[in-house]
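Chain by chain, the residues:
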Amino acid sequence: MSDPNPGPFAALFEPVKIGPLTTRNRFYQVPHCTGMGYRYPRSEARFRGIKAEGGWGVVSTQETEIHPSSDLTPANEARLWSEADIPALRLVTEAVHEHGSLAAIQLAHNGMHTANRYSRRVPLAPSAAPVGGDDPVQARAMDKADIAEFRRWHVAAAKRAMDAGFDIIYAYAGHEMTLLHQFLLLRHNQRTDEYGGSLTNRLRLFREVIADTREVVGDRCALAVRLAVDELLGANGMQHDAEARDVIEALAEEPDLWDVNLSDWSNDSQTSRFAPEGFQDDYTRFVKSVTSKPVVGVGRYTSPDTMLKLVRQGHLDLIGAARPSIADPFLPEKIRTGEVEAIRECIGCNICVMGDNTETPIRCTQNPATGEEWRRGWHPEKIAPLKTPEPVLIVGGGPAGLEAARALSQRGADVMLAEADTAWGGRVTREAALPGLAAWGRVRDTRLWLLQQRPNAELYLQSPLTAEDLLDYGMPHIALATGSRWRRDGRGRANRLPLPFLDPTRVLTPDDLMHTGAAAVTADGPVVIFDDDRFYMASVLAELLANAGHEVIFVTPAPVVSPWSDKTLEQARIQRRLIEKKVQIIPLSNLADMGPDSLTLSCVYGGPTREIPCATLVMVTARAPQDALWHDLQTRKQDWADAGIKTITRIGDCLAPSLIAMAVQSGHAYAQYIEHDTPPEPLREDNATDAALRLQL
Ligand code: ADP
Ligand code: SF4
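Residues numbered from 1 in each chain as written. Chains lettered and ligands numbered in written order. Predicted model: local features only at pLDDT ≥ 70, side-chain atom pairs only at ≥ 80, totals over all residues. Heavy atoms only, no water.

## Points about the overall build of the chain
- Along the backbone of the chain there are 25 helices and 29 strands.
- In terms of C-alpha radius of gyration, the chain reaches 27 Å, essentially the compact-globule figure of 26 Å for 697 residues.
- Dimensions of the chain, computed from the C-alpha atoms along their principal axes, are close to 75 × 65 × 50 Å.
- The proportion of buried residues among the 697 residues of the chain is 62%.
- Sequence separation of 24 or more characterises 71% of the internal contacts of the chain that already satisfy a separation of 6 or more.
- Summing over all exposed atoms, the chain offers an accessible surface of approximately 26200 Å²; the carbon and sulfur share of this is 51%.
- Treating the 74 positive side-chain charges of the chain as one cloud and the 91 negative ones as another, the clouds have centres 3 Å apart. (Helix = DSSP H or I, 4+ residues; strand = E, 2+ residues; numbered from the N terminus. Rg over C-alpha atoms; globule rule 2.2 N^0.38 Å. Buried < 20%, exposed > 50% of the residue type's maximum accessible area, 1.4 Å probe, protein only. Contact = heavy atoms within 4.5 Å. Areas by Shrake-Rupley, 256 points an atom, 1.4 Å probe, with all protein chains shown as cover. Lys, Arg positive; Asp, Glu negative; His and termini not counted. Charge placed at Lys NZ, Arg CZ, Asp CG, Glu CD.)

Quick look at the structure:
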C-alpha cells in the first residue's frame, strides 16, 4: 500500500522496503516517550493510532522494558516483562494497523541507567559502577551467565512483541540508556574478557543480540537497529567520524533498518533555543554511504522542502520525527493533500518531554489534543460541530484567545476576536522576540492562518474592550483571554508577600524588557536579575542584556539557574550559556534589602548575608492575571441578561498564569465544553490492570 501524491512532494510518498515489509511512505515516527506507557494503555494506543491516521507510515512505541531487571519506575514507559503485558501493546498495534501503517517496538534493557526502584533487582552493567541519576545504588558487572540470560530475555521479548502484532523490532543502543549502548562505550565497559577492550569485543554483545533477534523475527518482521552516532563529548565519547562509523561499517548489512541519532537525550531532543531544524544532519549524513539498508534520522523536521532535500540528496530514506509528529500527527496527510500552511509546526519547546520527566501523560504547546485523545476524546483535527451555534466574542488574541477562536470557528460558531494591541499573539509575540525563542511565534502563525481562512471569524486588532463595550455588544458568550503581566512587587515563591524595600524607580519587569528591549535599562552599572520563576524567562533576559553589553548578575533562591528547565532537557545548556556570556550566577540567595546602588542578599539556608552592586533590578518572580475586565463585569452581573449575555468565562493566563501550553489547552477546552454547564469531569480512567484488558490474554 502506498499513499498517492501527484504534487511536488511525491517523493516523500514513495513506499520504502524495510526487510520483508514495505512502509507506505517515508514518514517515520521514531520511538518517543509519552508518559502514558504501561499504566495508561488505552491512552497510549489512541495516541499512536492517531499518528497512523495522520499518515505516518511507521509508528513506534517508546522504549519497552524487556525484563524486571530493567525497571524504570516511576517513569511510565512501555513494558514487556511477561505475557501479561502483551494485551496492552496489542491495543497499540491494532490502532496503528487500522490505518495501514507499520508498528515498531523499541525493546530496551536499561542496564546501569536505572536503579530498579520497583523490582529491587540489582542493576546490571558491563562493569561495576554507580547507576545513572542520583540513586545511591551501584550496578554489578555482568558475568557470562548474565550475558547469556540477557540475550534470552531479549529473544523472549522479541517473541512477545511479535505476539502483540509488531512489524518492526528494535535492538536499541542509544541515549546511554541501554545495556547494548553501555557495552559499546569505553567509559562504561572496562571488561577484560571478549566483551570488553577492543571495539570488536565491545561490539560483540550487540552483534549477538542482532543475530538472536534476526533468528526470532525470520522473514515475518523487520529488524531495526537504533544507534547513537555521536555523544557530543568529543574524544571522551563515541563520535560519528570515529568509532560510530566503525560500528556501522561492521554491522552495515545486518539489520533491515538503521535508525541513527545523537546521544544523550538532551542532545537528541535539543530545543529550538539551542539548535535549528536539521541539527543532526552533519552527524548522520555519512550513514547511507556505509550501508545499503534504509536509514531514518531526526532533526525536528517540519518543513516539507527540507524533507524532500534530505531524500533527494540521499541523506535519509525515511524522515524520522518524534516532536513534529506530536505537534501535528497529520503532518504527512497535510503535505499529501497540499495543505502545507495548515501544518502545526513543532516550536521546539520540549514541553512534551516534560510529560516523561514528570511521569505524567504527555502534553504539547502546539497540539492541545496531545495526551487527551482517549481520556477526553479529543482529536487533533476533528471537533464536533456545535448543536446550536451561538456567537462568541473573545477578548484577547494571545495563545488562549487564538486557540479558542480557531476551535470555535471550526465548530461552526460565529466568532469575533478582539485584541487591544497592534499585533496578534500576546505573550507569544513578545517572547518570540527574545534570544532563541523565534520559533515560538508558530503558536500564533498556525492559528492566525487558519482563522483567516474562515468566513465565520472576524478579527480586530487595536480594539481594547471595556465592560461597557461588552454589555453594548450583547454577544451570548464572552471569553476573557486577557492574559497576565509580570509582577513588580517581588511576590513569588520565595517571597509570598510584597518586598517593602524595593525601589520602584530601579525595578524592571520582563514586560518592560519585552516592550522596549535592552534599552529599558537606562542606569549605568550592573543589572541584577532576580529569578524566582525558575523556568526560562530570567535566563533569556540575562542573554538579552548580556548581548547588549550590560554587566549581568543572576540571583536565584534555587541551587541552579532555571531548575525547572531540566524537565525540558535544557538546564545544563542554559547554565553553560550564561557562563559563556559572562553572567555572574549567585544561587541559593534571596533579596534582603535594597540600597541606593546595592542589594543585600540572604542565604536561603541562613548563612551570612552579602552585598552586591545593583543599578537596575529585574524582578522575574510571578505574573498577575489581567482580570480587571472580569471584575468590572462581575459588578454588572445584573445587566448581563438584558444585554443578551449568557456566559462570561476567563481562559488562559487571565484565569491563572501558566505555560503557553496551558493557555492553548485552556482555549481549546473552552471551545470543547462551551455547551456544557460544567466540563465533563472526571476524566475517563485508564488503567492497565483492569480486568477487561487482562481478560484478553
Ligand atoms: P494567554 O497566554 O492567556 O493567551 P496573553 O497575555 O498571551 O494571554 O494574551 C492576552 C492578550 O489579550 C494580549 O495580547 C493583550 O493585549 C490582550 N488584551 C488584554 N486586555 C484586553 C482588552 N481589554 N481588550 C482586548 N484585548 C486585550
Ligand atoms: Fe514541539 Fe513543543 Fe509540542 Fe514538543 S511540546 S512537540 S517541542 S511544540
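Text resumes after the structure shown.
## Considering the domain arrangement of the chain
- As assigned here, the chain comprises domain 1 (7-358), domain 2 (392-483 + 627-674) and domain 3 (487-624).
- Here the C-alpha centroids of domain 1 and domain 3 sit 40 Å apart.
- The interface is formed by 16 residues belonging to domain 1 together with 14 residues belonging to domain 3.
- Taking both sides of the interface into account, the surface hidden between domain 1 and domain 3 amounts to around 1200 Å²; carbon and sulfur atoms contribute 58%. (Domains from an automatic or database assignment. Buried area = accessible area lost by both parts, 1.4 Å probe.)

## What to know about empty space enclosed by the protein
- Under the counting rule described, the total for this entry stands at five cavities of 30 Å³ or more.
- In this structure, the largest cavity occupies an estimated 370 Å³ of space.
- Around the largest cavity, the lining is made up of 28 residues, and of these Pro 31, His 32, Trp 265, Ser 269 and Ala 322 lie nearest the centre.
- Counting only elements with at least two residues in the lining of the largest cavity, the list comes to strand E4 (58-65), helix H8 (265-268), strand E14 (318-321), helix H12 (323-327) and helix H14 (351-357). (1 Å grid on protein atoms, 1.4 Å probe; cavity = no way out; pocket = protein on both sides within 12 Å on 5 of 7 lines; lining within 4 Å. Points joined across faces, edges and corners; volume = space filled by probe spheres on them.)

## Here we look at the layout of surface pockets
- Taken as a whole, the largest pocket encloses approximately 1200 Å³ of empty space.
- In terms of lining residues, the largest pocket is bounded by 34 residues, among which His 113, Gly 132, Gly 133, Met 177 and Asn 357 are the most central.
- Of all the secondary-structure elements, those providing two or more residues to the lining of the largest pocket are H8, H14 and helix H21 (571-580).
- Of the residues in the lining of the largest pocket, the class split is ten nonpolar, twelve polar and twelve charged.
- Both domains that furnish three or more residues to the lining of the largest pocket are identified here as domain 1 (7-358) and domain 3 (487-624). (Nonpolar A, V, L, I, M, F, W, Y, C, P; charged D, E, K, R; others polar.)

## Quick notes on helix H2 (residues 86-97)
- Spanning twelve residues, H2 covers 16 Å between terminal C-alpha atoms, matching the ideal 16 Å at 1.5 Å per step.
- The element H2 is extensively covered by neighbouring structure, given that nine of its twelve residues are classed as buried.
- Inspection of H2 places Ile 86, Pro 87, Ala 88, Leu 89, Leu 91, Val 92, Thr 93, Ala 95 and Val 96 among the buried residues, and these make up the whole buried set. (Expected span 1.5 Å × (residues − 1).)

## A look at the site of ligand 1
- Ala 400, Glu 419, Ala 420, Arg 427 and Asp 653 are the nearest of the 24 residues found near ligand 1.
- Note that an oxygen atom of ligand 1 is positioned 2.6 Å from one of the side-chain N or O atoms of Glu 419.
- A distance of 2.7 Å separates an oxygen atom of ligand 1 from a polar backbone atom of Arg 427.
- Within the complex, 93% of the 580 Å² of free accessible area of ligand 1 lies under protein.
- Those elements giving two or more residues to the shell around ligand 1 turn out to be helix H15 (399-410) and helix H16 (427-432).
- Of the residues in the shell around ligand 1, the class split is ten nonpolar, ten polar and four charged. (Near = heavy atom within 4 Å. Polar contact = N/O pair within 3.5 Å; in protein donor to acceptor, adjacent residues only side chain to side chain.)

## Observations regarding the pairing of strand E15 (residues 392-395)
- Judged by which residues are buried, E15 turns out to be covered on both faces: Val 392 and Ile 394 on one side and Leu 393 and Val 395 on the other are all buried.
- By the bridge criterion, four bridges tie E15 to strand E16 (residues 415-418) in an arrangement that is parallel. Bridging across to E16, Val 392 finds its partner in Val 415.
- Once the chain exits E15 it traverses H15 before rejoining the sheet at E16, and the crossover so formed is right-handed.
- Bridge count for E15 against strand E18 (residues 477-480) is four bridges, and the pairing is parallel. From the neighbouring strand, Val 395 faces E18, where its bridge partner is Leu 480. (Pairing = 2+ DSSP bridges. Right-handed = clockwise from strand over helix to strand, strands pointing away.)

## Remarks on the UniProt feature "domain: TMADH/DMDH/HD second alpha/beta" (unreviewed entry) in the chain
- Using the residue numbers shown here, the UniProt feature "domain: TMADH/DMDH/HD second alpha/beta" (unreviewed entry) corresponds to residues 509-606.
- Along residues 509-606 the backbone is 29% helical and 24% strand, and the end-to-end C-alpha distance reaches 28 Å. (UniProt positions renumbered as here; feature names shortened; annotations may be inferred.)

## Looking at the environment of Asp 593
- Mapped onto the secondary structure, Asp 593 falls in strand E24 (residues 589-594).
- Take Asp 593: its relative accessible area is 37%, and that puts it in the partly exposed class.
- Those residues within four positions of Asp 593 in sequence are excluded, and the remaining contacts are Phe 501, Leu 599 and Thr 600.

## Quick look at the sheet that holds strand E26 (residues 610-613)
- Spatially, the three strands line up as an open sheet ordered E24-E25-E26, and their pairing is antiparallel. With one partner strand each, in any of the chains shown, E24 and E26 form the two edges of the open sheet. Each strand of the sheet is rotated relative to its neighbour by a mean of 40°, with strand direction disregarded.
- The pairing of E24 with strand E25 (residues 598-603) spans five bridges and is classified as antiparallel. Bridge pairing in E25 links Asp 593 to Thr 600. (Axes fitted to C-alpha atoms, helices over the stretch in contact; angles between N-to-C directions.)

## Some words on the site of ligand 2
- Taken together, the residues surrounding ligand 2 are Arg 323, Ile 326, Ala 327, Cys 346, Ile 347, Gly 348, Cys 349, Asn 350, Ile 351, Cys 352, Cys 364 and Thr 365.
- Broken down by secondary-structure element, the contributors of at least two residues to the shell around ligand 2 are H12 and H14.
- Its residues assigned to classes, the shell around ligand 2 comprises eight nonpolar, three polar and one charged.

## Considering the nonpolar core
- Counting 77 residues, the largest nonpolar core has Leu 12, Ile 169, Phe 206 and Leu 227 as the members making the most contacts within it.
- If you tally residues by element for this core, the top one is helix H3 (residues 144-163), at eight residues.
- Once residues within four sequence positions are removed from consideration, Ile 169 is found in contact with Ile 105, Leu 107, Ala 158, Ala 161, Met 162, Thr 213, Val 217, Cys 221, Ala 222, Leu 223 and Ala 224.
- Of all hydrophobic cores here, the second largest spans 41 residues; its members include Leu 437, Val 443, Val 540 and Ala 542. (Core = buried A, V, L, I, M, F, W, Y, C linked by side-chain atoms within 4.5 Å.)

## Thoughts on the side chain of Asp 281
- By secondary structure assignment, the location of Asp 281 is in helix H9 (residues 281-284).
- One polar contact links Asp 281 to Tyr 301, side chain to side chain, over a distance of 2.5 Å.
- Excluding residues that lie within four positions of it along the chain, Asp 281 makes contacts with Tyr 301, Leu 310 and His 315.

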